[in-house]
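Coordinate inspection notes
For reference, the chains in residue letters:
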Amino acid sequence: MPNRSDHAQGEKTFRVAGQAIAAADLPPGLYVVATPIGNLGDITLRALAILASADVIACEDTRVSRRLLQAYGISTQLTPYHEHNADQARPRLMARLKAGERAALISDAGTPLISDPGFKLVRAAREAGYHVSAAPGPSSVLMALAVSGLPTDRFFFEGFLPPKAGARRTRIAELARIPATLALFETGPRLAATLHDLAEALGGREAALCRELTKFHEEVRRGALPELAKAYAEDEPPRGEMVIVIDAPRKEPAAADVEALLRPALQRLTLKDAVAEVASMTGQARREVYRRALALQDEAKAR
């Protein structure tokens, strides 16, 4: 087996609460390591030991990862590995694995391979016969599900929706048929538009907007999709990336049930408000409720 670098032979320690802890030697191979999504205290002791003992750490942004290593007294070499350089960086990492080194793969926050290119490196390492292991830990998707108050027995993770409105609405229409809680990522600048499109397509489903999870300004905002869409249309775009968790579709109400709710609602409310109320009550898509409301109005005029 090739000799390890001077770093790996000499400085295999990390620090916790001011105490230096020796990191056990690792078998050669690739280690997929989860890192904190915000609070640095959420990293595991095993993750720290792997990061300290590795010969190299492949990360999205060396500046972000360096702050984590400095917090725990780890001086392992960092090398960038992200969607823009993965095709060039992957062969170099594979060469290091072939030389018998230990490589750790991390993301800026959370568990690698979730909305990042890490799976191609894992696949290449496995196909080449190298040892691949993982150190589990934080995940913004799982944390958002845990604090949302929505069903977690079955969920579908979408990642980021398309940024362009037409493609986004098409994809939401496809997601509407999935019989599970939905979890997706979104950025502050696109949040209002995305919530508007979700409310239009998914009606009054309950949802949770989870922002800055594990951080000082952690926020979980619950409500029906139309309520959240209205609130964020009026607010300044929030900072950071967020997880939106959306309840599974309810059992499709019969047309007669929807119409039974629409008739009295149309007598006391405007068409727009009646549609919004019934969509929220039934979980029906607002477009479908609007179509039925127009049909009822046409029937009333024909009498």
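Residues numbered from 1 in each chain as written. Predicted model: local features only at pLDDT ≥ 70, side-chain atom pairs only at ≥ 80, totals over all residues. Heavy atoms only, no water.

Observations concerning helix α8 (residues 188-202)
To keep things clear, this is the line we draw: Note on conventions: DSSP H or I runs of at least 4 residues are helices, E runs of at least 2 residues are strands, and numbering of each starts at the N terminus. In this scheme, a helix's expected span is set at 1.5 Å multiplied by one less than its residue total. Using a 1.4 Å probe on the protein chains alone, a residue whose accessible area is under 20% of its type maximum counts as buried, one over 50% counts as exposed, and one in between counts as partly exposed. Contacts are residue-level and defined by heavy atoms, with any inter-residue pair within 4.5 Å sufficient.
For α8, with 15 residues, the first-to-last C-alpha span of 21 Å sits near the 21 Å given by 1.5 Å per residue. Of all the residues in α8, the buried ones are Gly188, Leu191, Thr194, Leu195, Asp197, Leu198, Ala199, Glu200, Ala201 and Leu202. Contacts made by the buried residues of α8 are with α7 (165-175), β9 (181-187), β10 (206-211), α9 (225-234), β12 (241-246) and α12 (286-302). Immediately downstream of α8, the backbone of Gly203 shows phi near 70°, a positive value.

With respect to the sheet that holds strand β5 (residues 77-80)
Here is the rule: When DSSP locates at least two bridges between a pair of strands, those strands are taken to pair. All axes are obtained by fitting lines to C-alpha atoms, using only the stretch in contact for helices, and the reported angles, taken between N-to-C directions, cover 0 to 180 degrees.
Taken in spatial order, the five strands make up an open sheet running β5-β4-β6-β3-β7, and their pairing is parallel. The two strands at the open ends of the sheet, each matched to only one other strand, are β5 and β7 (132-135). The sheet shows a mean angle of 25° between the axes of neighbouring strands, direction not considered. Pairing geometry for strand β3 (residues 29-33) and strand β6 (residues 102-105), over four bridges, is parallel. Within β6, the residue paired with Leu30 across the bridge is Ala103. This element, helix α3 (residues 62-71), spans β4 (56-59) and β5 of the sheet and lies at about 155° to β5.

Description of the pairing of β12
Two faces, one strand: in a regular strand the side chains alternate between the faces of the sheet. For β12, the buried fraction is high: five of the six residues fall into the buried class. In terms of strand pairing, β9 meets β12 through six bridges, oriented antiparallel. Paired with Ala183 across the strands is Val245, a residue of β12. Across five bridges, the pairing between β10 and β12 is antiparallel. Within β12, the position partnered with Arg211 by the bridge is Met242.

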